[in-house]
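# Descriptive structure summary
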Amino acid sequence: MHTLAHFRDGMISALKKGCVRVLSVVLLYAGLSLPSHAQIWGVKAPDSGWNTPRRWLLFWFHEDGSEITFVGDIQGATKVDGLALSPQHGLLAFQNDGDLYRDTGNNARLVRIDPATLQATVIGSWLAGRSIHGAAFDLQGRLWAVDVRQGELLQIDPTNGNIITSVPLSYQGNRLYPSHATDIAFDRYGVAYLSDYIPSPPYGAKYYQVDMQTGVLTLLHTDTQRVPGPESAGPGVVGLAFSMRAPADRLFIFNDNGYDNIWYYDMNSGWTRVYMYDVLSSYVSGGYNSGPGDLASVMQCASSNGDANNDGCVDDADMLQVLFAFGSTGPNDADVNCDGMTDDADLLIVLFHFGNGC
Ligand SMILES: [Ca+2]
Ligand SMILES: [Ca+2]
Ligand SMILES: [Ca+2]
Ligand SMILES: [Ca+2]
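Model, not experiment: these values are computed from the prediction.

Once that is clear, we can look at the confidence of the model for the protein. When pLDDT is low, close inspection of the predicted coordinates is not appropriate. Averaged over every residue, the pLDDT of the protein is 89; the share at 70 or more is 88%. Counted against residues more than four places away or in other chains, residues 14-35, with its pLDDT under 50, gives 17 contacts.

Before going further, it helps to examine the nonpolar core. Among the nonpolar cores identified, the biggest contains 74 residues, and Ala135 and Ile184 are the most heavily contacted of them. Element by element, the count of residues in this core is highest for strand E2 (residues 57-61), at 5 residues. Setting aside its immediate chain neighbours within four residues, Ile184 contacts Gly134, Ala135, Ala136, Trp144, Val146, Ala192, Tyr193, Leu194, Val210 and Leu240. Among the nonpolar cores identified, the runner-up in size contains 11 residues, and Val322, Ala334, Val350 and Phe354 belong to it.

Along the chain, Cys313 turns up in the loop between strand E24 (293-296) and helix H3 (316-325). Taking C-alpha positions, Cys313 is 8.2 Å from Phe354, a pair spaced 41 residues apart along the chain. What Cys313 contacts, discounting residues up to four positions off in sequence, is Asp307, Gly357 and Cys358.

Read across the sheet, 4 strands follow the order E10-E11-E12-E13 without closing on themselves; strand pairing throughout is antiparallel. Looking at which strands have only one partner, the edges of the open sheet turn out to be strand E10 (132-137) and strand E13 (163-168). Each neighbouring strand pair of the sheet contributes to a mean axis angle of 20°, computed without reference to strand direction. As paired strands, strand E12 (residues 152-156) and E13 are joined by 5 bridges and run antiparallel to one another. Bridge pairing in E13 places Leu153 opposite Val167.

Of all 5 residues in strand E20 (residues 237-241), 5 are buried; the element is thus mostly enclosed. Here E20 pairs with strand E21 (residues 250-255) via 4 bridges, running antiparallel. The residue bridging Gly239 from the neighbouring strand is Phe254, located in E21.

Attention now moves to the sheet that holds strand E17 (residues 192-198). What holds strands together in a sheet is hydrogen bonding between their backbones, with the strands either parallel or antiparallel. One open sheet holds the 6 strands; their spatial order is E15-E14-E19-E18-E17-E16, and the pairing between them is mixed. Both edges of this open sheet fall to strand E15 (174-175) and strand E16 (183-186), since each of them pairs with a single strand only. Both strand E14 (residues 170-171) and E15 contribute to a ladder of 2 bridges, which runs antiparallel. Paired with Tyr171 across the strands is Asn174, a residue of E15.

Summarising the element assignment, Phe94 is placed in strand E6 (residues 90-96). What makes Phe94 buried here is the crowd of 31 C-beta atoms within 10 Å. The residues contacting Phe94, other than those within four sequence positions of it, are Val80, Asp81, Gly82, Ala108, Arg109, Leu110, Ile132, Ala135 and Ala145.

A word on the pairing of E10. Put simply, side chains in a regular strand alternate between the two faces of the sheet. Of all 6 residues making up E10, 6 are buried, and the element is well covered by its neighbours. Where E10 meets strand E11 (residues 143-147), 5 bridges bridge the pair, whose relative direction is antiparallel. If you follow Ile132 over to E11, its bridge partner there is Asp147. The antiparallel pairing of E10 with E11 creates a hairpin that spans 5 residues between the two strands, and Gly141 there sits at a positive phi of about 85°.

For the pair H3 and helix H4 (residues 344-352), the least separation of the axes is 10 Å and the interaxial angle reads 175°. Judged on the interaxial angle alone, H4 and H3 are roughly antiparallel. From H3, Asp318, Met319 and Val322 reach across to H4, where they touch Asp346, Leu347 and Val350. Considering only residue class, the contact of H3 with H4 consists of 4 nonpolar, no polar and 2 charged.

Okay, unusual backbone geometry next. Here the amide bond leading from Pro201 into Pro202 is cis, since omega sits at 10°, within 30 degrees of zero. Tracing the sequence through the fold places Pro202 in the loop between E17 and strand E18 (204-210). Even without a glycine there, the phi angle at Leu118 is positive, about 70°. With respect to the helices and strands, the residue Leu118 is situated in the loop between strand E7 (107-113) and strand E8 (119-122). Its 16 C-beta neighbours within 10 Å are what place Leu118 among the partly exposed residues.

What follows deals with H3. All buried positions along H3 are accounted for by Asp318, Met319, Gln321 and Val322. Axial view of H3: buried residues confined to an arc of 155°, hence all on one face. Once H3 ends, the next one or two residues include Gly327, with phi positive near 90°.

Thresholds applied
- Residues numbered from 1 in each chain as written.
- Chains lettered and ligands numbered in written order.
- Predicted model: local features only at pLDDT ≥ 70, side-chain atom pairs only at ≥ 80, totals over all residues.
- pLDDT = per-residue confidence, 0-100.
- Contact = placed C-beta atoms within 7 Å.
- Core = buried A, V, L, I, M, F, W, Y, C linked by C-beta atoms within 7 Å.
- Buried ≥ 20, exposed ≤ 12 C-beta atoms within 10 Å, placed from the backbone.
- Helix = DSSP H or I, 4+ residues; strand = E, 2+ residues; numbered from the N terminus.
- Pairing = 2+ DSSP bridges.
- Axes fitted to C-alpha atoms, helices over the stretch in contact; angles between N-to-C directions.
- Parallel < 35°, antiparallel > 145°, perpendicular 65-115°, else oblique.
- Nonpolar A, V, L, I, M, F, W, Y, C, P; charged D, E, K, R; others polar.
- Arc of directions from axis to C-beta.

Right under this line is the structure:
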């Protein structure tokens, strides 16, 4: 450690002398009012019950089970589902039209949610004949949406909400029309996953891998294990997400059957369902209901100005993380400049920003 600190101090003084700080993506994050890309964001919508309050609750949670925060009810363009998050475009979702007491609609359009004001503003025109209940950005920053009405996967232009491409979803040669309990998520290697509901006893969720070129689904897992609450049913999985801070195979889910809650699976370790958070906490006054919802996280590499472990402070821990990963290629938090390699360029960025935020 002494050698490391010595090396570091020498480098910092050399680098900081006469240098002008360059702030890039951190400023963009600040502009979008996103606390950081480390959280998983979620939205919870009401079910079709007449006495379920018409509120679309925005929340976020940490991937390690340490904290869930309820930001508040979305204002403006409500009846949203299909949440997606990117460093470039912020928090996007799809508004579905029609009766506020129906889960699905006939048309959908892209909106942006400001997490600071909770205001949802319209970006796109109505997409005719679409009902969108799942969405995510892939690792290249492309926005994908799950249209349950036509059973299609849509690539959407995040700047204007227009459809770029569409491909039908199919399973074992048959078209598949997901229920409104669905979402799509990409893991850190770019593999796509989709959830769908089993609408008859014993009820529960199916998890598929998605071929994004063909729309062909491969069944990975079926979960009919009972969820907490009065109903004897498996989970209704309305939201899916991965986290760059969690093990690569850890799939986070948002269940709306029985109680509303967050769980995860480690897909490579038997898909045991592990409880994390309660979302609405009670059936009374706007609590548990079977309405839609969604999850979103940033899986693209986001330049972190040296804060490799994303704890808000650039220090020894970040430098060690880069040093331990030194020479590796592929997705890695230590690749702080997002060029696919962890090397001296990343180390220099850590050193250059050393002490920031601490
Ligand atoms: Ca989503
Ligand atoms: Ca959903
Ligand atoms: Ca740090
Ligand atoms: Ca790098």
